[in-house]
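Summary of structural features
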Amino acid sequence: MRNNCLELADDYSETMPHHAAGSQARVLLTSVFGPYARDDEYGSRVLNPMELYHNQVTRTQGPFSLRMFHRSWGLMLIQANIEAPCTVLDFPSQERFVEELQRREYDVIGISSIISNQRKVAAMCRLIRRYQPRARIVIGGHIANMPDLDERIDADHIVQGDGVRWMRGFLGEEEGAPIRHPLISSGFTTRSAGVTVKERREDVAAALIPSVGCPLGCNFCSTSAMFGGKGKFVDFYRSGDELFDVMRRLEAEMGVQTFFVMDENFLLHRRRALQLLERMEEHDKSWALYVFSSANVLRSYSIEQLVGLGISWVWMGLEGESSQYTKLHGTDTLPLVRQLQSHGIRVLGSTIIGLEEHTPENIDQAIEYAVRHDTDFHQFMLYTPLAGTPLHAELSRQGRMKPEGSYDVGDIHGQAIFNYRHPHIPEGAEAGMILRAFERDFAVNGPSTVRIVRTTLAGWRRYRNHPNPRIRRRFAAEARELPTTFTALVSAARLFFRRDPHLHARLSSLLTELYREFGWKARLAGALGGRWLLGRIRREERRLREGWTREPATFYERNAAVRDNPAAELTRAVLPAAACRVARSPAPDRREPVAV
């Protein structure tokens, strides 16, 4: 390790390194190499594929699991915001990574990774030293939280926090220039029920990144730790006006009406959110927003404000009745979830298995509490003290962290094992507990994709005759496939679960509601489409039993400054309108101090 840049400082501009080539430096940004969904010597695991929902949310739902991939958004954000020629290589194989090192010379090579992939990062650093010994190696992402990472890999710089600001400073560019937002589809190659979805432009959500870090700073949160802990975050767009301009440009460039808002607690920034609502109303925008939010923050908005903002999905923590985490205190989440769903707002609940108060005797009670919420989707994760978090530091002081040689770091991804000694749960019991949580949720509440249909129907019924045409348009767009594709899915699921009295009755009731609402069109879709889809589901079930897995495609992209690589796709980005007007003038640094 030649130059460790892990120091947590509010002002690092005087001490941070600079590359001699400045904006002429040739930059390669890459994710770790695949394949990912297999057990190998580098820490890849079948249990930890590059599919967020199938990995952590619909894990045991078999052919009904929601399958999709997500790009490495951080790399795309950095590429869009530096003037230096920059190529992104996302999801390469090891052979493709070596090929790139042999084919083109780079001055800077950046790798982004999570902690469980550290052996892949070490191997990539060795390959860079072998094929491009003059390149400066920069490591970022959650792996940068590891305090001893410089002893594990051969890199030049390890970067926590705001990678855009750091890379701009490293290349001698203006650190506080306005942020150009990359054009990112939130997911790709979506598949469920044995069918890969045909992705039309208007059906795909654009990823929107208003800020990074988290003001709440839960002690187990690796993202919060990466940006300096509680209260530290970086606002890329502070006002609703700026955010609206970006969204309008993404709409124009990508043809989207839906935005996946990658912000740890978007609605916490109330002034920005309400200003965005004003602009949406002023310009008659029927956008839909998928957001992360804590329960208490959600309760601070009226349902009219949430619906007006287009809040269509909410990802929220449901840590349990006796949780120590104050973001739930004073909020009864069961009626909150019911209220949201009754207004067409789909809920993805998130529950931690293995909190300090959990025991073998009460864990099933905690699981039942989560399952009673009947959320549209439900994530279960093991309570995991990752390196760099306050929880890891606390358990280290208590002597409760397991020695690293007693487990494989590739298994510390929140779905397999504890890396510490739990005060009540015997070693090895955690794997069965989290599996039991997924299975119980599926057995009681059925396929998540079908639950979506129920909530979408509730929203359509409530708002189809709303006096505001802006509201009506959004719910009409979301309900577009209710009489056809969604009805076929419910019908197929009903046939699939015909020997399960509980789920069969639940699905029969929903199918009857769809038939009553949409008449002959839904009945035709249910009769013909349902039987066709059942065949696809059964075929998918057989493939999964035989061990079939999925891998993402490799992406190879360049920014406008790259002149000598026409084989790579040219990427684009957008600036808010206000930034475009002042692009020639020095821009103030509008962001909070963060750790780098």
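All values derive from a computational prediction rather than experimental measurement. Numbering of residues starts from 1 in each chain and follows the order in which that chain's sequence is written. For this predicted model, a pLDDT threshold of at least 70 governs which residues receive local features, and a threshold of 80 or more governs which side-chain atom pairs are given and counted, while totals over whole chains, interfaces and linings are taken from all residues. By convention in this description, side-chain values take in all heavy atoms of the structure and omit both hydrogens and water.

With respect to the overall build of the protein chain
What counts is decided by this rule: Think of it this way: any DSSP run of H or I at least four residues long counts as a helix, any run of E at least two long counts as a strand, and we number them from the N terminus. Radius of gyration: C-alpha atoms only; globule rule: 2.2 Å multiplied by the number of residues to the exponent 0.38. Should any heavy atoms of two residues lie within 4.5 Å, those residues are considered in contact. Here the open area of atoms and residues is found with the Shrake-Rupley method and a 1.4 Å probe, where only the protein chains shown may cover a residue. In summary, the charge assignment counts Lys and Arg as positive and Asp and Glu as negative, without counting His or the chain termini. In plain terms, the charge of a residue is placed at NZ if it is Lys, CZ if Arg, CG if Asp and CD if Glu.
Within the protein chain, the secondary structure is distributed over 20 helices and 20 strands. The C-alpha radius of gyration of the protein chain comes to 24 Å, within 12% of the 25 Å expected for a compact globule of 596 residues. The principal-axis extents of the C-alpha atoms in the protein chain amount to approximately 70 × 60 × 45 Å. Contacts spanning at least 24 positions in sequence make up 77% of the contacts within the protein chain whose residues lie at least 6 apart. Counting only carbon and sulfur atoms, one obtains 51% of the accessible surface of the protein chain, whose full area is about 24,000 Å². Taken as two groups, the 78 positive and 72 negative side-chain charges of the protein chain have centres that lie 7 Å from each other.

A short note on a positive patch on the surface
Put simply, the test is: To count toward a patch, a residue needs a relative accessible area over 30% and no salt bridge; like charges are then connected within 9 Å, while nonpolar side chains (Val, Leu, Ile, Met, Phe, Trp, Tyr) are connected within 5 Å. Here, a salt bridge means any Lys or Arg side-chain nitrogen found within 4 Å of an Asp or Glu carboxyl oxygen.
Among the surface-exposed residues, Arg498, Arg499, Arg531, Arg538, Arg539 and Arg542 lie close enough to one another that they form a single positively charged patch. Within the secondary structure, arginine 531 is located in helix H19 (residues 501–545).

Let's talk about the sheet that holds strand E17 (residues 377–382)
We count it as follows: Two strands pair under a simple rule: DSSP has to find at least two bridges between them. To get an axis, a line is fitted to the C-alpha atoms, and for a helix only the part in contact is used. The angle between two axes follows their N-to-C directions and goes from 0 to 180 degrees.
One open sheet accounts for six strands, arranged E10-E13-E14-E15-E16-E17; its pairing is parallel. On the outer flanks of this sheet lie strand E10 (206–208) and E17, each paired with one strand and no other. Sheet twist, expressed as the mean angle between neighbouring strand axes with direction ignored, is 15 degrees. Here strand E13 (residues 258–261) runs beside strand E14 (residues 288–292); their pairing, made up of three bridges, is parallel. Bridge assignment links phenylalanine 259 to a residue of E14, and that residue is leucine 289.

Digging into the layout of surface pockets
To locate leftover empty space, one rolls a probe as large as a water molecule over the atoms. Our working definition: Of the grid points, spaced at 1 Å and generated over the protein atoms alone, those admitting a 1.4 Å probe that cannot get out make up cavities, while open sets with protein on both sides within 12 Å along at least five of seven lines make up pockets; any residue with an atom within 4 Å of a point is treated as lining. Grid points are joined across faces, edges and corners, and a volume is the space filled by probe spheres set on the points. Residues are grouped as follows: Ala, Val, Leu, Ile, Met, Phe, Trp, Tyr, Cys and Pro are nonpolar; Asp, Glu, Lys and Arg are charged; all remaining types, including Gly, are polar.
What the second largest pocket holds in volume is close to 650 Å³. Contributing to the lining of the second largest pocket are 29 residues, with Leu183, Leu570, Thr571, Arg572 and Ala573 lying nearest its centre. Mapped onto the lining of the second largest pocket, the elements with two or more residues apiece are helix H2 (73–80), helix H8 (240–254), strand E18 (555–558) and strand E19 (569–570). Ranked by residues supplied to the lining of the second largest pocket, first place goes to H2 with three residues. Grouping the amino acids of the lining of the second largest pocket by side-chain chemistry returns 15 nonpolar, five polar and nine charged.

Side note on the sheet that holds strand E5 (residues 136–140)
Reading across from one edge, E6-E5-E4-E1-E3-E18-E19 is the order of the seven strands in this open sheet, with mixed pairing throughout. Looking along the sheet, the strands with just one partner apiece sit at the ends: strand E6 (157–158) and E19. Summarising the sheet, strand E3 (residues 86–90) and E18 pair through four bridges and their orientation is antiparallel. When the sheet's bridge partners are listed, valine 88 is paired in E18 with glutamate 557. Against the sheet, H2 touches strand E1 (27–31), E3, strand E4 (108–112) and E18, its axis set at about 165 degrees to E1.

Digging into the packing of helix H13 (residues 363–372) against helix H15 (residues 429–445)
Going by this rule: In this scheme, roughly parallel covers angles under 35 degrees and roughly antiparallel covers those over 145, while 65 to 115 is roughly perpendicular and the rest are oblique. For any pair of crossing helices, the crossing counts as left-handed if the nearer helix is rotated counterclockwise from the farther one by less than a right angle, and right-handed if it is rotated clockwise.
Between H13 and H15, the least distance of the axes is 10 Å, while the angle of their chain directions is 40 degrees. Looking at the two axes, H13 sits oblique to H15. By crossing handedness, the relation of H13 to H15 is classed as right-handed. Touching Ile363, Asp364, Ile367, Glu368 and Val371 of H13 are Met433, Arg436, Ala437, Arg440, Asp441, Val444 and Asn445, all from H15.

Observations concerning empty space enclosed by the protein
Counting across every chain of the model gives two cavities of 30 Å³ or more. There is about 30 Å³ of room inside the second largest cavity. Around the second largest cavity, the lining residues are Val57, Thr58, Arg59, Thr60, Gln61, Phe438, Asp441 and Phe442. Class assignment of the residues belonging to the lining of the second largest cavity gives a composition of three nonpolar, three polar and two charged.

Details of helix H17 (residues 469–478)
Formally: Think of it in three bands: residues with accessible area under 20% of the maximum for their type are buried, residues over 50% are exposed, and the middle band is partly exposed, with areas taken using a 1.4 Å probe on protein chains only. To be clear, the arc concerns the directions from the helix axis to the C-beta atoms. Pairs of N or O atoms are called polar contacts if they sit within 3.5 Å, as long as, within protein, a hydrogen donor faces a hydrogen acceptor (for residues adjacent in sequence, only side-chain-to-side-chain pairs).
Listed as buried for H17 are Arg470, Ile471, Arg474, Phe475 and Glu478. When H17 is viewed along its axis, its buried side chains cluster within an angular range of 125 degrees and face the same direction. For H17, the N-terminal cap is asparagine 468; the gap from its side-chain oxygen to the backbone nitrogen of arginine 470 is 2.9 Å.

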